[in-house]
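For reference, the chains in residue letters:
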Amino acid sequence: MNRRRFLTAIPGGLLGLSLRPVWAEATHLTAMEPRPKGPPLALEDIDGQHHRLEDYRGRVVVVNFWATWCPSCRDELPSLQRLWEQLRDAGLVVLGVNVGEDADRIFFFTADYPVDFPLLLDQDSATIDRWPVRGIPTTFIIDPEGRIAYRAIGARDFDHPRLLERLRALGLD
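Residues numbered from 1 in each chain as written. Predicted model: local features only at pLDDT ≥ 70, side-chain atom pairs only at ≥ 80, totals over all residues. Heavy atoms only, no water.

Trainee: Quick question: what am I supposed to make of helix H3 (residues 71-87) here?
Mentor: An α-helical segment advances 3.6 residues per turn. Residues three or four places apart therefore align on the same side. Over its 17 residues, H3 extends 25 Å from the first C-alpha to the last, a length consistent with the 24 Å expected when each residue adds 1.5 Å. The largest bend along H3 measures about 30° and falls at Leu-77, with the proline Pro-78 one to four residues further on. Of all the residues in H3, the buried ones are Ser-72, Cys-73, Glu-76, Leu-77, Ser-79, Leu-80, Gln-81, Leu-83, Trp-84 and Leu-87. Lining the buried residues of H3 we find strand S4 (61-66), strand S5 (93-99), helix H4 (103-109), strand S7 (138-142) and helix H5 (161-169). (Helix = DSSP H or I, 4+ residues; strand = E, 2+ residues; numbered from the N terminus. Expected span 1.5 Å × (residues − 1). Bend = angle between axes of the 7 residues up to and from the residue. Buried < 20%, exposed > 50% of the residue type's maximum accessible area, 1.4 Å probe, protein only. Contact = heavy atoms within 4.5 Å.)

Next comes the structure, spelled out in structure tokens:
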């Protein structure tokens, strides 16, 4: 199935309502039990550097599927950046997987939404098709053993203390 035609996971976006997550939704992560192994992920970032999920074994990894045209994705990017800034020294990895767009478009987009964690290119949607994504944004929290511990469909406030606590409990320093 081609995932490029997916709309944002927040139904309110279709009704013209606010896309900002409500408090309860902003901190909710769905536990994946039993924890399935993270599907393959091997992509280049916008600078041409290659990233593979298996290269980050032993670390907690946040994998966020997003697109520049997605209002909910734009809403949550600043919180992903703040999460990265707070926990990268503790061993956290944040990977933003852009679906269906090229490096030039993302480069210009980051002028308004600056992030310094890796932004990976899934231009042909081959990677998103391997993951249990139901819409974008969708985020997966991968434990140090390479298994999906949590999934979040829709925007989240990733630097909220409740989410930081859950990430630290997975084994961050």
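Let us keep going from here.
Trainee: What's the story with the pairing of strand S6 (residues 119-122) in this structure? I'm lost.
Mentor: Residues in a regular strand project their side chains so that they alternate between the two faces of the sheet. Burial along S6 is two-sided: the residues Leu-119 and Leu-121 and Leu-120 and Asp-122 are all buried. Two strands pair when backbone bridges link them, and S5 and S6 are joined in this way by four bridges, in the parallel orientation. Pairing of Gly-96 across the sheet is with Leu-119, part of S6. Handedness of the S5-H4-S6 crossover: right-handed. (Pairing = 2+ DSSP bridges. Right-handed = clockwise from strand over helix to strand, strands pointing away.)

Trainee: Sorry if this is basic, but what is going on with the nonpolar core here?
Mentor: Val-63, Phe-65, Leu-83 and Trp-131 are the most contacted members of the largest nonpolar core, which totals 51 residues. Broken down by secondary-structure element, the contributors of at least two residues to this core are S4, H3, S5, H4, S6, S7, strand S8 (148-153) and H5. In terms of residues, this core owes the most to one element, H3, which gives six residues. Apart from residues lying up to four places away in sequence, Val-63 is in contact with Leu-41, Leu-53, Leu-95, Val-97, Trp-131, Thr-138, Thr-139, Phe-140 and Ile-142. (Core = buried A, V, L, I, M, F, W, Y, C linked by side-chain atoms within 4.5 Å.)

Trainee: How should I be thinking about the packing of H3 against H5 in this particular structure?
Mentor: Angle between the axes and distance between the axes: these two values describe a pair of packed helices. H5 packs onto H3 with a crossing angle of 45° between their chain directions and a minimal axis gap of 12 Å. Considering their axes alone, H3 and H5 lie oblique with respect to each other. Remark: the crossing between H3 and H5 carries right-handed chirality. Of the residues in H5, those touching H3 at Leu-83, Gln-86 and Leu-87 are Leu-164, Leu-167 and Arg-168. (Axes fitted to C-alpha atoms, helices over the stretch in contact; angles between N-to-C directions. Parallel < 35°, antiparallel > 145°, perpendicular 65-115°, else oblique. Left-handed = near helix turned anticlockwise from the far one by under 90°.)

Trainee: Please explain the packing of aromatic side chains as it appears in this structure.
Mentor: Remark: the centre distance and the inter-plane angle together describe each pair of aromatic rings, the angle taken between the planes. Taken as a whole and judged by the stated rule, the model has six aromatic pairs. Where Phe-65 meets Phe-140, the ring centres are 6.1 Å apart and the plane angle is 85°; that geometry is what we call edge-to-face. Highlighted residues: Phe-65 in strand S4 and Phe-140 in strand S7, separated in sequence by 75 residues. As far as burial versus exposure is concerned, Phe-65 and Phe-140 are alike and both buried. Both rings, one in Phe-107 and one in Phe-108, keep their centres 5.6 Å apart while their planes meet at 75°; by these two values the pair is edge-to-face. Exposure class is identical for Phe-107 and Phe-108. Each is exposed. What links up through ring pairs into an aromatic cluster is the set Phe-65, Trp-131 and Phe-140. (Phe/Tyr/Trp six-rings, centres within 6.5 Å; stacked < 30°, edge-to-face > 60°.)

Trainee: When you look at the pattern of salt bridges in this model, what are you seeing that I'm missing?
Mentor: Side chains that carry opposite charge are capable of pairing whenever their charged atoms lie near each other. Tallied over the full model, the rule gives eight salt bridges. With its nearest N and O atoms 2.7 Å apart, the salt bridge here joins Asp-55 to Arg-52. Its relative accessible area of 43% is what places Asp-55 among the partly exposed residues. Taking relative accessible area as the criterion, Arg-52 reaches 33% and is therefore assigned partly exposed. Between Arg-147 and Asp-143 there is a salt bridge whose closest N-O contact spans 2.8 Å. Judged by relative accessible area, Arg-147 falls into the partly exposed class, the value being 32%. A cluster of three or more residues bridged by salt bridges with shared partners is formed by Arg-35, Asp-143, Glu-145 and Arg-147. (Salt bridge = Lys/Arg side-chain N within 4 Å of Asp/Glu carboxyl O.)

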